[in-house]
Amino acid sequence: QVQLVESGGGLVQAGDSLRLSCTASGRTFSSYAMGWFRQAPGKERELVAGISTGGGTTYYADSVKGRFTISRDNAKNTVYLQMNSLKPDDTAVYYCAARRSSAVSTIPPMNDYWGQGTQVTVSS
């Protein structure tokens, strides 16, 4: 069993930056690919960024490429999402997900564990 706890969300203005953190319980964090999803009101949950178990492979949705950076620190059981140049369209609840595989799935139910979510609101 893995428990994921996100932090770092908040209310910011367009152009600002935020860093989200997700800390996992347990001793097998390095066995899980990690990802950040987001869900805006009335929209489906979408994969924003993913990272492989060792951190060597990353994935970004086209909408965030060049602005967001995902990273992980396996010694701290933590995955991060650095978000720069935020836009109002980035407003959503952001969720951390873990999958015991080389990569997270873009299909939300295919991932194994989820955090409770953290709200990010970007005002114009």
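Note: the structure precedes this text.
None of these values were measured; they are calculated from a predicted model.

(A) Region of the structure containing the nonpolar core. Ranked by internal contacts, the top residues of the largest apolar core, which has 31 residues, are Leu4, Met34, Trp36, Val79, Leu81, Met83 and Tyr94. Elements with a minimum of two residues in this core: strand S3 (18-24), strand S4 (33-39), strand S5 (46-51), strand S7 (68-73), strand S8 (78-83), strand S9 (92-99) and strand S11 (118-123). Core analysis: the next-biggest nonpolar cluster, separate from the first, contains six residues, Ala33, Phe37, Leu47 and Val104 among them.

(B) Looking closely at the pattern of salt bridges. Applying the stated criterion across every chain yields a total of four salt bridges. As a salt-bridge pair, Lys65 and Asp62 come within 3.2 Å of each other at their nearest N and O atoms. Take Asp62: its relative accessible area is 66%, and that puts it in the exposed class. Salt-bridge contacts for Asp90 lead to Arg67; the nearest nitrogen and oxygen are separated by 2.8 Å.

(C) Examining the sheet that holds S3 more closely. The antiparallel open sheet is built from four strands, whose spatial order is S1-S3-S8-S7. The sheet is open, and its two borders are formed by strand S1 (4-7) and S7, each paired with just one other strand. Sheet twist, expressed as the average angle between the axes of neighbouring strands with direction ignored, equals 15°. Direction of pairing for S3 relative to S8: antiparallel, over a ladder of six bridges. Its bridge partner being in S8, Ser21 is matched across the sheet by Tyr80.

(D) Spatial organisation of the environment of Tyr94. Structurally, the position occupied by Tyr94 is in strand S9. Separated by 49 residues in sequence, Tyr94 and Arg45 have C-alpha atoms that sit 9.1 Å apart. If near-sequence neighbours (up to four positions away) are discounted, Tyr94 is found in contact with Glu6, Leu20, Trp36, Phe37, Arg38, Val48, Phe68, Leu81, Met83, Gly117, Thr118 and Val120. Among the polar contacts made by the side chain of Tyr94, one reaches the main-chain carbonyl oxygen of Asp90 at a distance of 2.6 Å.

(E) Highlighting the packing of aromatic side chains. Taken as a whole and assessed by the stated rule, the structure comprises three aromatic pairs. Each ring, one from Tyr32 and one from Tyr113, has its centre 6.0 Å from the other, and the planes form 65°; the classification is edge-to-face. Here Tyr113 lies in strand S10 (residues 113-114) and Tyr32 lies in the loop between S3 and S4, a separation of 81 residues in the sequence. Here the aromatic residues Phe37, Tyr95 and Trp114 are joined through ring pairs into a cluster of three or more. Directly above the aromatic system of Trp114 lies the positively charged group of Arg45, at a separation of 4.8 Å from the ring centroid. The lysine or arginine in question, Arg72, covers the ring of Phe29, its NZ or CZ lying 4.5 Å from the ring centre.

Calculation criteria
Residues numbered from 1 in each chain as written. Predicted model: local features only at pLDDT ≥ 70, side-chain atom pairs only at ≥ 80, totals over all residues. Heavy atoms only, no water. Core = buried A, V, L, I, M, F, W, Y, C linked by side-chain atoms within 4.5 Å. Buried < 20%, exposed > 50% of the residue type's maximum accessible area, 1.4 Å probe, protein only. Helix = DSSP H or I, 4+ residues; strand = E, 2+ residues; numbered from the N terminus. Salt bridge = Lys/Arg side-chain N within 4 Å of Asp/Glu carboxyl O. Pairing = 2+ DSSP bridges. Axes fitted to C-alpha atoms, helices over the stretch in contact; angles between N-to-C directions. Contact = heavy atoms within 4.5 Å. Polar contact = N/O pair within 3.5 Å; in protein donor to acceptor, adjacent residues only side chain to side chain. Phe/Tyr/Trp six-rings, centres within 6.5 Å; stacked < 30°, edge-to-face > 60°. Lys NZ or Arg CZ within 6 Å of the ring centre and 35° of its normal.

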